[in-house]
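# Topology and contacts: notes
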Amino acid sequence: MASWLGKMWGGSHSSSLPYNIKSDPISAPTKHGSHGWAIHEASDKKSDGGELTAFQANKAELAKAPLRRTSSLANAKYSDTSQTQLIPALHHFHRIKRLIHPRILRAHATLDTDYPDDTKPAPGLDALEKAAITGTLIIVTEKCMPLDDWLENLNPHTPQPNAAAISWGIHNIVEALGFLHNQAKLAHGMVCPDAVFVTPSGDFKLGGFDLITPIGIDDGGGGPTPHFRKYEGAVCPADYRSPERASGRYDVLQQSTPVHSIDCFSLAALIEYVYTHPNAGTNGQVPTPLKKALVRMKNDSPKLRPRLAPLLKCPVFDNPYVKAEMFLDEVMSKPVEEKIMFLQSLPDVLNRGSLNENVAIHKILPLLVMGLRATAGNESAMTQDVNRRETLAIVPLLFQIAESYLAKTPELFQRHITPLVPLLFAINDRGVRGAVLQKMTLLESQLDTSAINSAVFEPMCSGFSDSSGPLRELTLKSTIVLVPKLNHSNLEKLVRYLVRLQSDPEASIRTNTVIFIGKIAPNLTDMSRQKLILPAFMRSMKDPFTPCRLSALRAVLSCQEYFTQKDVAEKVLPAVVPHTLDAANDVRAEAFKVVDTLLVSLRTESKKMAKDEADRISAATCGMKSAGSSEGGGGGGGIAASPASGSYLSGFSSWMATSSQPSEGSNESSGDGGIPSKKTMTPASNGASTPKGPAAPKFSSLSLSDAQIGGASKYNNNSGGGWSDDEDLMGSPATGGAGDGWDDDDFGASPDGNDDDFFASFASKPANPGGKVGSLGAGSRLTAPRKATGMSSMTSRAAPQMKSSSGMKIKKQPKPAVKKLPASTLMDDGWDDF
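Residues numbered from 1 in each chain as written. Predicted model: local features only at pLDDT ≥ 70, side-chain atom pairs only at ≥ 80, totals over all residues. Heavy atoms only, no water.

## Notes on the overall build of the protein chain
The helix and strand inventory of the protein chain stands at 29 helices and 8 strands. Taking all 834 residues of the protein chain together, the buried fraction comes to 47%. Expressed as a percentage of contacts within the protein chain between residues at least 6 apart in sequence, the contacts between residues at least 24 apart total 67%. (Helix = DSSP H or I, 4+ residues; strand = E, 2+ residues; numbered from the N terminus. Buried < 20%, exposed > 50% of the residue type's maximum accessible area, 1.4 Å probe, protein only. Contact = heavy atoms within 4.5 Å.)

The structure is reproduced here in structure tokens:
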């Protein structure tokens, strides 16, 4: 066995052990009560990295360090000044790995670097003086700390829990000594604070086997072994040595002397030491029920000292803390029904503080994990009702401990709870799944993104399609906290489940689904939002369940930022407005609120559109001004003709689309080419007019009144109105065409000097006597001429005779004859587009 261990560990140093041992000790070997052992933190390399403790002692240093000297002059003759710490340390090293009991400090591994395997066996207990002194002694044990350090770390403000924890510790030491005395037939010989260690769960463990010895053997002198007789006076503190030991009367410890006699005295001294500590919670006094027992335990006669087992019947050890600890130690051997009842009662015990945090983390939690793996990990075991009920009792308690104690220490949560998450979701039981889903917030806060997507979301999706309505609803509610950590593929998968849940037969699920969609909208991609939220809201607004419709309307408001204004006008409002007359008053009120809110945004958008349109027109007008200025800079005449490739209709439409009107002086030509300019006349001493702004091109803006449709125009000073006479449009010979704003030059003169009437090419029709004043006839239409020298002609029905503002009839002027242009002119008029 030792040879195999030597090959596995492969060396003679601590690195050859399957444990990681930190180099810096947490307790120096020179510390009082250490007996030459340095205490290091350690962890397991192969398992889950559980915390351990390593004791290391350098044999060369032990051989140089003298043993602690006794202060009693009477005992000086039993002490050898040449004695060192080496032999007691080797005695402890050989004994601890052979003693196994729940109350004895458990040694996971031991290593003497001078003897790593069986090729060179170490000397036995009878030949410790022959051992090599060049190597190191290493003992790896369960995690623990010395008793003195544990007492110092107790909270002085919690006296009652401290006293209960100490009573449980004394209970442990009594059980450990009972094992040595009754089963092993050994006396410890050094029961003192130096030999007691405390685990993180608060259990007291017995160690320090420097003097362990059988009692009553035939060793030539009767009583303890020669090793005990030689070293006990220097190793064991004087206060913990019985009178016969202090006086060196080892002959009293004969075969007829009980084996527990020397340890009984030492235990009484230890109990007094612990209870008188300032942090013990007993005001420095030993509990009254123990005082009489301690007197008996310190009897001068070894034969009159009582056995230790009956001491546990003392009322000091009859408290809820000790009872709970005892049941936890025996829970695995208890009947299942009794175990289930105890597990169901533990949450209340933890809430009352009967068991502290260390017990919950380091004792209860490992038991729960062990039980969960044994039952939940076995699918056939879960088919039995008793195992199912045990699992249902374990899961809530597991999460209570995780939430109360592990959440503040992520390392502990990752070590104990994270590996269990896939196992919990793999349990095919709705009760267990419901208990896990209720703690989804805790899992989300402690697990990383990868674990959330793989170990949590993937298995929990089965709940969306479960046949149980409450489980589907609980799955939906629990998923909301996971959404920020879901990756893109899982979000798309979730969207598909949400679409399916909108058709769920349960009305509450449909309602919660639309609420869910409204809350997760910020986490979705643009494409997912477009496909999901608006159709989902519109579908829910048609739901017969009133809370569902109400939730849909509220969701519309919360998500309005994700709708385009076009969608608001064309889709959202048409779906919302009918609900202003909903049968439910709450729905109607919410519908009006939605409509009012959305109309505000639409009005804002409309004003923005109007402003943008005005800006575009202004920019176009500025372009025309700059073009006119560049063309008229030579002072020579009129607007330049359109290029041959330009379209007449596009030019005509741009002319008609201009919105600004000419000023009063629009019939006057500007100095640049005769283009009318908009001016504002202001009085001055010299009578000159000052233009208010830059000159605008003529015909830059027209209205119906400017075109003299429907009455007199400010541009026509004649008595005629409307479009009934060509003279009204072109100007009569009497007036010379002046002042009407429709000069031929405005449309560009033909290159050959032809002054034909502009409208002569329009195919006019007889006036309709029944037509209304200022209106175009029903047959009026715009036709594009095939070719013309000027602008295209317009066919219009003649307007009836009109009266002037004074009531006098306007005489219709004779219509001038239409003059046709020669073919050569038609070919060279520059309007090739037609």
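## Details of the pairing of strand β2 (residues 38-44)
Counting buried positions over the 7 residues of β2 gives 5, a clear majority of the element. Bridge count for strand β1 (residues 19-21) against β2 is 3 bridges, and the pairing is antiparallel. Note on β2: the bridge partner recorded for Asn 20 is Ser 43. (Pairing = 2+ DSSP bridges.)

## Side note on the sheet that holds β2
In space, the 5 strands of this open sheet follow the order β1-β2-β3-β5-β4, with antiparallel pairing throughout. In this open sheet, the two strands that pair with only one neighbour each are β1 and β4 (107-112). Mean inter-strand twist for the sheet, computed between neighbouring axes without regard to direction, equals 25°. The pairing of β4 with strand β5 (residues 136-142) spans 5 bridges and is antiparallel. The partner of Thr 110 across the bridge, within β5, is Ile 139. On top of the sheet, helix α3 (residues 86-96) reaches β4 and β5; it is set at about 45° to β5, its chief contact. (Axes fitted to C-alpha atoms, helices over the stretch in contact; angles between N-to-C directions.)

## As for helix α23 (residues 526-541)
Between its terminal C-alpha atoms α23 stretches 22 Å, which fits the 22 Å expected from 16 residues at 1.5 Å a residue. Listed in full, the buried residues belonging to α23 are Ser 528, Arg 529, Leu 532, Ile 533, Leu 534, Ala 536, Phe 537, Ser 540 and Met 541. Elements in contact with the buried residues of α23: α21 (488-501), α22 (507-520), α24 (546-558) and α25 (565-576). (Expected span 1.5 Å × (residues − 1).)

## Looking at the packing of helix α5 (residues 159-184) against helix α10 (residues 320-330)
At their nearest, the axes of α5 and α10 sit 9 Å apart, and the two run at 45° to each other. In terms of axis orientation, α5 runs oblique to α10. Viewed along their axes, α5 and α10 form a crossing whose handedness is right-handed. Residue-level inspection shows Ala 164, Ala 165, Ser 167, Trp 168 and His 171 of α5 in contact with α10, the latter providing Tyr 321, Val 322, Glu 325, Met 326 and Asp 329. (Parallel < 35°, antiparallel > 145°, perpendicular 65-115°, else oblique. Left-handed = near helix turned anticlockwise from the far one by under 90°.)

## Quick notes on the nonpolar core
If you look at the biggest cluster of nonpolar residues, it comprises 182 residues, and the most contacted ones within it are Leu 267, Leu 355, Ile 364 and Leu 372. Ranked by the residues each element gives to this core, the list is headed by α5, at 11 residues. Other than its neighbours up to four places away in sequence, Leu 267 contacts Ile 173, Val 174, Leu 177, Val 191, Met 297, Leu 308 and Leu 311. Residues Tyr 19, Ala 54, Leu 111 and Ile 138 belong to the second largest nonpolar core, which totals 9 residues. (Core = buried A, V, L, I, M, F, W, Y, C linked by side-chain atoms within 4.5 Å.)

## Quick look at the layout of surface pockets
Unoccupied space between atoms shows up once a probe the size of one water molecule is rolled over them. Taken as a whole, the largest pocket holds about 1,400 Å³ of empty space. In this structure, the largest pocket is lined by 42 residues; those nearest its centre are Arg 106, Glu 142, His 362, Lys 363 and Pro 366. Secondary structure elements with two or more residues in the lining of the largest pocket: β3 (51-58), α5, α10, α12 (357-375) and α15 (410-416). Here the element with the most residues in the lining of the largest pocket is α12; it accounts for 8 residues. Of the residues belonging to the lining of the largest pocket, the class tally is 19 nonpolar, 8 polar and 15 charged. (1 Å grid on protein atoms, 1.4 Å probe; cavity = no way out; pocket = protein on both sides within 12 Å on 5 of 7 lines; lining within 4 Å. Points joined across faces, edges and corners; volume = space filled by probe spheres on them. Nonpolar A, V, L, I, M, F, W, Y, C, P; charged D, E, K, R; others polar.)

## Describing the packing of α22 against α24
The interhelical angle for the contact between α22 and α24, taken along N-to-C directions, is 5°, at an axis separation of 9 Å. If you check the angle between α22 and α24, you find them roughly parallel. Contacts between α22 and α24 involve Arg 510, Thr 511, Val 514, Ile 515 and Gly 518 from the former and Pro 547, Cys 548, Ser 551, Ala 552, Ala 555 and Ser 558 from the latter. Class assignment for the residues of the contact of α22 with α24 results in 6 nonpolar, 4 polar and 1 charged.

## Examining the pattern of salt bridges
This structure, assessed with the given rule, holds 34 salt bridges. A salt bridge links Arg 388 to Asp 429; the shortest N-O distance between them is 2.4 Å. Residue Arg 388 is found in helix α14 (residues 385-406), and its partner Asp 429 is found in the loop between α16 (421-426) and α17 (430-437); the two are separated by 41 residues along the sequence. A residue is classified by how much of its surface remains accessible, and Arg 388, at 28% relative accessible area, is partly exposed. Residue Asp 615 is joined to Lys 611 by a salt bridge in which the shortest nitrogen-to-oxygen separation is 3.4 Å. Of this pair, Asp 615 and Lys 611 both sit in helix α26 (residues 585-631), 4 residues apart, which is roughly one turn of the helix. We classify Asp 615 as partly exposed; its relative accessible area is 39%. Residues joined by salt bridges that share partners form a network here, namely Arg 103, Glu 175, Asp 203, Glu 325, Asp 329 and Lys 363. (Salt bridge = Lys/Arg side-chain N within 4 Å of Asp/Glu carboxyl O.)

## Topic: the packing of aromatic side chains
Taken as a whole and assessed by the stated rule, the structure comprises 6 aromatic pairs. Each ring, one from Phe 327 and one from Phe 342, has its centre 4.1 Å from the other, and the planes form 35°; the classification is tilted. Here Phe 342 lies in helix α11 (residues 336-352) and Phe 327 lies in helix α10, a separation of 15 residues in the sequence. Looking at Phe 342, the relative accessible area reads 12%, which means it is buried. When the centroid spacing of 6.5 Å and the interplanar angle of 85° are considered together, the rings of Phe 537 and Phe 563 count as edge-to-face. Here Phe 537, found in helix α23, pairs with Phe 563, found in the loop between α24 and α25; they are 26 residues apart in sequence, far enough to count as distant. Judged by relative accessible area, Phe 563 falls into the buried class, the value being 6%. (Phe/Tyr/Trp six-rings, centres within 6.5 Å; stacked < 30°, edge-to-face > 60°.)

## Here we look at the environment of Ala 575
Within the element layout of this structure, Ala 575 appears in helix α25. The class for Ala 575 is buried, based on a relative accessible area of 16%. If we ignore the near neighbours within four places in the chain, the residues touching Ala 575 are Met 538 and Met 541.

## Quick notes on the environment of Ile 509
With respect to the helices and strands, Ile 509 occurs in helix α22. Overall, Ile 509 belongs to the buried group, its relative accessible area being 1%. In this structure the C-alpha to C-alpha distance between Ile 509 and Cys 548, which are 39 residues apart in sequence, comes to 9.3 Å. If near-sequence neighbours (up to four positions away) are discounted, Ile 509 is found in contact with Gly 469, Arg 472, Glu 473, Leu 476, Leu 501 and Asp 504.

## What to know about the environment of Gln 83
Position of Gln 83 relative to the elements: it lies in the loop between α2 (59-64) and α3. Along the sequence, Gln 83 and Tyr 231 sit 148 residues apart, while their C-alpha atoms lie 8.0 Å from each other. If we skip the residues at most four places from it in the chain, Gln 83 touches Ala 65, Pro 66, Leu 67, Lys 230, Tyr 231 and Ala 234. Of the polar contacts made by the side chain of Gln 83, one reaches the backbone oxygen of Lys 230; its length is 3.0 Å. (Polar contact = N/O pair within 3.5 Å; in protein donor to acceptor, adjacent residues only side chain to side chain.)

## Examining the confidence of the model for the protein chain
When pLDDT is averaged across the protein chain, the result is 76; 68% of the residues are at 70 or more. Here residues 632-809 is modelled with pLDDT under 50, and outside its nearest four sequence neighbours on either side it reaches 235 contacts, counting other chains as well. (pLDDT = per-residue confidence, 0-100.)

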